[in-house]
Amino acid sequence: MPNLRASLPRFRKRFLLLHLLACLALALLLLLQIRPVMLPDLQLAAGEKLDCVSYSPFRRPGQTPLNPAVYIPRQQIEADLASLVPLTRCVRIYAVNQGLEQVPDVARALGLKVLLGAWVGYRPESNRQELETAIDLANRYPDVVRGLIVGNEVMLRREQSEAALKALLDEARRRVQVPVSYADVWEFWLRHPGLAKSVDFITLHILPYWEDEPVAVEQAIPHVAAIHDRIREHFGKPVLIGETGWPSRGRQRNAARPGRVAQARYIRSFVHEAHVRGWNYNLIEAIDQPWKRRLEGTVGGYWGILDVDLQAKFPFQGAVSERQSLQAPLFSSLCGLLGGLGLACLGGRKRPVSRPAAAIAGAWLGGMLFMAWEHGRVAYRDAWEWGVSGGVVWLGMIWVLGYMLPGSCGRSRISVRQTGSWRSKGLRGVRLGLLFAAATVAILLFADPRYRDFPFALYLLPLPTLLAIARFQVEDGLEEGVLAAVLVACGLARWLLEPGNPEAQGWAALCLLLGMPVLANISRESRAAGAERSKQ
């Protein structure tokens, strides 16, 4: 295999070309994200509002319903509901603990209605307390409470039997004057039809993104209409679409792609259709819920119409773009360009690449560091995930790989079977670490993909450099070969399991580009070693 020092001019051209192509691809992606997309307007009549939206106050750092010690103060609930008054006539809550029992009183003062929820789980004592509180609130605020929903997706979670849930519903109907219902996804209503006898109306969850066969946003409204009509005809009772919506961030599931534009398209189209057809509905949800990322991955935290700062995530009229500004990624790329150029100038004659190549590589580095940080900001939930999943540690390693490795290769042959300098050993460790991390992620995405994102930015960042040096590396060891084989196999398997998912296709391509050069090197070395033995 050629030594990089003897072929440095060819390497420099390859290094420049690959980074230039990468920068052009990144620029194209950003231009597509900033491009305004024309969407149908919400088309509400004068004074008309959304029918109802799910409300959960756990939007601030450390607030989560999973911690019983967390209690939401009245002032926060007042501020939250005041921000929703211009948007909706009603809010749905799922429990009456941790401060949520204050919602009916606050809603009355603001002129809002409430779909009151009693949370039903696997603990009978907690269920009893929830039901008693909910019944008391329904009887104290009959002018505010539109309905009492006893249990939310209990059958889906398998936390109670149908008979036990039916008993709670029957008790609630005896003790309150407001209508009583139970909420679950549409398939579980069909599996437990006996529950319909214990409710006044069917509360139905239809989430096209979460279907077992996900539905693209362009086909989502006909899908919702078909399910709604099917359930209404099957049970012969009034139907409330208790949850429907679209996430603005997260993992693509086959043709169902989250995004700001997709969320705006779905909400606008659904609300228009619901008002035309006279559907009763509740959108999920009012405000983003960061705590849900621990249960549902990135996508769980981004179903809100408002973000955690109570700002609208998209307008109800006019064009919508995926990205609102290019200032931050362009600034990051510019800083990288100047940094790469500065390092090349400091290198003098010993610089591994030309100054233009270093500048272009720096621009790519800066742009992709921003993209990786942007992804981590919405996907990583704590310091551990920032550090392990691709934060500070990996960024430092990637910079070493991106700039120092070509320089080292230019001065000496790196062989993993030879005892080289500390720099050679360190750089081999970087490559091994990168392959190990990528292979681990690929295994997880293959075995447990539902709540995992495809971490493109992190592993695209070193790709141009790895491809540039692929033809000049001397020897790859058994460890690299095993990791590369696992990476390629799991990447292809993920794509075969999601053939209609462009993100899965892109991940498979990335795994191939990261792993195949290593496997090709090992194959060439094996043939060369065989030829050498035959000569002897």
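Residues numbered from 1 in each chain as written. Predicted model: local features only at pLDDT ≥ 70, side-chain atom pairs only at ≥ 80, totals over all residues. Heavy atoms only, no water.

Draft legend 1. Focus on helix H2 (residues 74-84). Within H2 the residues assigned to the buried category are Gln 76, Ile 77, Asp 80, Leu 81 and Leu 84. Taken around the axis of H2, the buried residues stretch over an arc of 125°, which confines them to a single face. Looking at the buried positions of H2, the neighbouring elements they touch are strand E1 (53-54), strand E2 (90-92) and helix H3 (103-110). (Buried < 20%, exposed > 50% of the residue type's maximum accessible area, 1.4 Å probe, protein only. Helix = DSSP H or I, 4+ residues; strand = E, 2+ residues; numbered from the N terminus. Arc of directions from axis to C-beta. Contact = heavy atoms within 4.5 Å.)

Draft legend 2. Expanded view of the pattern of salt bridges. This model, assessed by the stated rule, comprises 25 salt bridges. Between Glu 285 and Lys 292 there is a salt bridge, with the nearest N and O atoms lying 3.2 Å from each other. Residue Glu 285 shares its accessibility class with Lys 292, and that shared class is buried. Salt bridges linked by common partners bring Arg 128, Glu 132, Glu 171 and Arg 175 together as one network. (Salt bridge = Lys/Arg side-chain N within 4 Å of Asp/Glu carboxyl O.)

Draft legend 3. Main features of the pairing of strand E4 (residues 145-152). The element E4 is largely enclosed, with a buried count of seven among its eight residues. Note that strand E3 (residues 113-118) and E4 share five bridges and pair parallel. When the sheet's bridge partners are listed, Leu 116 is paired in E4 with Leu 148. Tracing the backbone out of E3, into helix H4 (residues 124-140) and back to the parallel element E4 gives a crossover that is right-handed. Summarising the sheet, E4 and strand E5 (residues 180-185) pair through three bridges and their orientation is parallel. Bridge pairing in E5 places Asn 152 opposite Ala 183. (Pairing = 2+ DSSP bridges. Right-handed = clockwise from strand over helix to strand, strands pointing away.)

Draft legend 4. Spatial organisation of the packing of helix H8 (residues 220-235) against helix H9 (residues 260-277). Interaxial distance between H8 and H9 falls to 10 Å at its minimum, and their mutual angle equals 40°. On the basis of their axis angle, the class for H8 and H9 is oblique. In this structure, H8 meets H9 at a crossing whose hand is right-handed. Residue-level inspection shows Ala 220, Ile 221, Val 224, Ala 225 and Asp 229 of H8 in contact with H9, the latter providing Tyr 266, Ser 269, Phe 270, Glu 273 and Arg 277. Residue composition of the contact of H8 with H9, by class: six nonpolar, one polar and three charged. (Axes fitted to C-alpha atoms, helices over the stretch in contact; angles between N-to-C directions. Parallel < 35°, antiparallel > 145°, perpendicular 65-115°, else oblique. Left-handed = near helix turned anticlockwise from the far one by under 90°. Nonpolar A, V, L, I, M, F, W, Y, C, P; charged D, E, K, R; others polar.)

Draft legend 5. Quick peek at unusual backbone geometry. Residue Ile 284 is joined to Glu 285 through a cis peptide bond whose omega torsion reads 5°. Secondary-structure assignment places Glu 285 in the loop between strand E8 (280-283) and helix H10 (293-296). The phi dihedral of Gln 98 falls on the positive side, at around 55°, and the residue is not glycine. Here Gln 98 shows up in the loop between E2 and H3. Gln 98 sits in the buried class, given a relative accessible area of 11%. Backbone geometry at Leu 310 places phi at a positive 65°, although glycine is not the residue there. With respect to the helices and strands, Leu 310 occurs in the loop between H10 and helix H11 (327-347).

Draft legend 6. Quick look at the state of the cysteines. Taken as a whole and assessed by the stated rule, the structure comprises one disulfide. Paired by a disulfide, Cys 52 and Cys 90 hold their sulfur atoms 2.3 Å apart. One quick way to see it: the torsion about the S-S bond of Cys 52 and Cys 90 is about -50°, and its sign makes the bridge left-handed. Of this pair, Cys 52 sits in the loop between helix H1 (8-34) and E1 while Cys 90 sits in strand E2, and the two are 38 residues apart along the sequence. Like Cys 90, Cys 52 is buried. (Disulfide = S-S within 2.5 Å.)

Draft legend 7. Structural detail: the pairing of strand E7 (residues 239-244). Most of E7 is tucked away, with six of its six residues classed as buried. In this structure, strand E6 (residues 201-205) lies alongside E7, joined through four bridges in parallel fashion. Opposite His 205, over in E7, you have Glu 243 as the bridge partner. As a crossover connection, the stretch from E6 through H8 into E7 is right-handed.

Draft legend 8. Focus on the packing of aromatic side chains. Evaluation of the coordinates by the stated rule reveals 16 aromatic pairs. With 4.9 Å between their ring centres and 75° between their planes, Tyr 209 and Trp 210 make a pair best called edge-to-face. When sorted by exposure, Tyr 209 lands in the same class as Trp 210, which is buried. Consider the rings of Phe 270 and Tyr 281, whose centres lie 5.4 Å apart with planes at 90°: the pair is edge-to-face. Separated by 11 residues along the polypeptide, Phe 270 in helix H9 and Tyr 281 in strand E8 bring together distant segments of the chain. Given a relative accessible area of 1%, Tyr 281 falls into the buried group. Lying across the ring of Phe 188, Arg 191 places its NZ or CZ 4.4 Å from the centre. (Phe/Tyr/Trp six-rings, centres within 6.5 Å; stacked < 30°, edge-to-face > 60°. Lys NZ or Arg CZ within 6 Å of the ring centre and 35° of its normal.)

Draft legend 9. Molecular detail of the packing of H4 against helix H6 (residues 162-175). Running from N to C, H4 and H6 cross one another at 25°; their axes reach a closest spacing of 10 Å. Relative to H6, H4 is oriented roughly parallel. The handedness of the crossing between H4 and H6 comes out as right-handed. From H4, Arg 128, Leu 131, Glu 132, Ile 135 and Asn 139 reach across to H6, where they touch Leu 168, Glu 171, Ala 172 and Arg 175. Considered class by class, the residues forming the contact of H4 with H6 number four nonpolar, one polar and four charged.

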